Amino acid sequence: MLRIYGSANSRALRVIWMAGELGLKYEHSDWLPRAPETQTPAYRALNANGRVPTIDDDGFILSESMAINIYLAQKHNSPLWPANLKQQALVMQWSLWETDRLDRQIVDYVRHTVALPAAERKADIAAASWKQVAPAFDVLETSLTESTWLIGEAFTVADVNVAGALYRALSIDLGKWPRLDHWMKRCWERPAAKAARAMRE
Ligand SMILES: N[C@@H](CCC(=O)N[C@@H](CS)C(=O)NCC(=O)O)C(=O)O
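Reading the values: the criteria
Residues numbered from 1 in each chain as written. Predicted model: local features only at pLDDT ≥ 70, side-chain atom pairs only at ≥ 80, totals over all residues. Domains from an automatic or database assignment. Contact = placed C-beta atoms within 7 Å. Helix = DSSP H or I, 4+ residues; strand = E, 2+ residues; numbered from the N terminus. Nonpolar A, V, L, I, M, F, W, Y, C, P; charged D, E, K, R; others polar. Pairing = 2+ DSSP bridges. Axes fitted to C-alpha atoms, helices over the stretch in contact; angles between N-to-C directions. Near = placed C-beta within 6 Å. Parallel < 35°, antiparallel > 145°, perpendicular 65-115°, else oblique.

**Q** Help me understand the domain arrangement of the protein in this model?
**A** You can read the domains of the protein as domain 1 (2–75) and domain 2 (85–198). Relative to domain 2, the C-alpha centre of domain 1 lies at a distance of 21 Å. Taken residue by residue, the interface counts twelve residues in domain 1 and 13 residues in domain 2. Secondary-structure elements contributing two or more residues to the side of domain 1 that touches domain 2 are helix 1 (12–22) and helix 3 (65–75). Counting residues per element, the side of domain 1 that touches domain 2 draws most heavily on helix 1, which supplies seven residues. Among the residues forming the side of domain 1 that touches domain 2, the class breakdown is eight nonpolar, two polar and two charged.

Shown next, in the form of structure tokens:
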């Protein structure tokens, strides 16, 4: 049996979305980041970082949301994991790119503009993160002029991983990036995405 550790209100959101895309049944340890359960020796034995998400797939323990989604899609022979080696490499490229260029930056930007109580927001953090977010959005916009989805004409793990990580961008006006905006809407309108999102909102 698959168990997902981590609340939809965390980076586990993208894993829950992927489980939905694959139609997987799973048990859920619905824990928020830094919840006491994530700090126990038992959980640290699964994820030494004490972070979520982690999965336990019949005893196989895996952390890192991007790696989890790639593993699950491969394991279940999903068309979301392309058959072609070069397209597989592009899934890796986009997943690693997002982790490097946007994953923390988008969270910082949204937290310090709207999500945190006004008194806790820091304008310098918002400005510094936007300086990285905006060019990354430009990169996505350019890529999406060349293809319908991130990798050609089929929806793949790359779309789940990048759009899933951009959940916070759903609250940003993306009018300056129309293709990114349209792609985000197409990704987040998928039934599995909507179901995952509903667990958070
Ligand atoms: N790169 C990791 C990041 C995991 C991560 O930072 N998770 C956050 C919640 S979204 C967490 O558990 N934070 C707790 C902490 O920082 O102690 C992934 O994508 O899975």
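**Q** Please clarify how the sheet that holds strand 3 (residues 54–57) should be interpreted in this entry.
**A** For sheets, the rule is that strands pair by backbone hydrogen bonds, running either parallel or antiparallel. Reading across the sheet, the four strands line up as 2-1-3-4 and stay open at both edges, with mixed pairing between neighbours. Each edge of the sheet is formed by a strand with only one pairing partner; in this case those strands are strand 2 (26–29) and strand 4 (60–63). Between one strand and the next, the sheet's axes are offset by a mean angle of 20 degrees, whatever the strand orientation. Here four bridges tie strand 1 (residues 2–5) to strand 2, and the two strands are oriented parallel to one another. Pairing of leucine 2 across the sheet is with tyrosine 26, part of strand 2.

**Q** Just to check I follow, could you spell out the site of the ligand for this structure?
**A** Taken together, the residues surrounding the ligand are Ser10, Arg11, Pro33, Arg34, Gly50, Arg51, Val52, Pro53, Glu64, Ser65 and Met66. Its residues placed into classes, the shell around the ligand shows four nonpolar, three polar and four charged.

**Q** When you look at the packing of helix 1 against helix 3 in this model, what are you seeing that I'm missing?
**A** To characterise two packed helices, one gives the angle between the axes of the helices and the distance between these axes. Remark: helix 1 packs on helix 3, axes separated minimally by 9 Å, with the N-to-C direction vectors making an angle of 10 degrees. Put simply, helix 1 runs roughly parallel to helix 3. On helix 3, the residues touching Arg14, Val15, Met18, Ala19 and Leu22 of helix 1 are Ser65, Ile68, Asn69, Leu72 and Ala73. Class assignment for the residues of the contact of helix 1 with helix 3 results in seven nonpolar, two polar and one charged.

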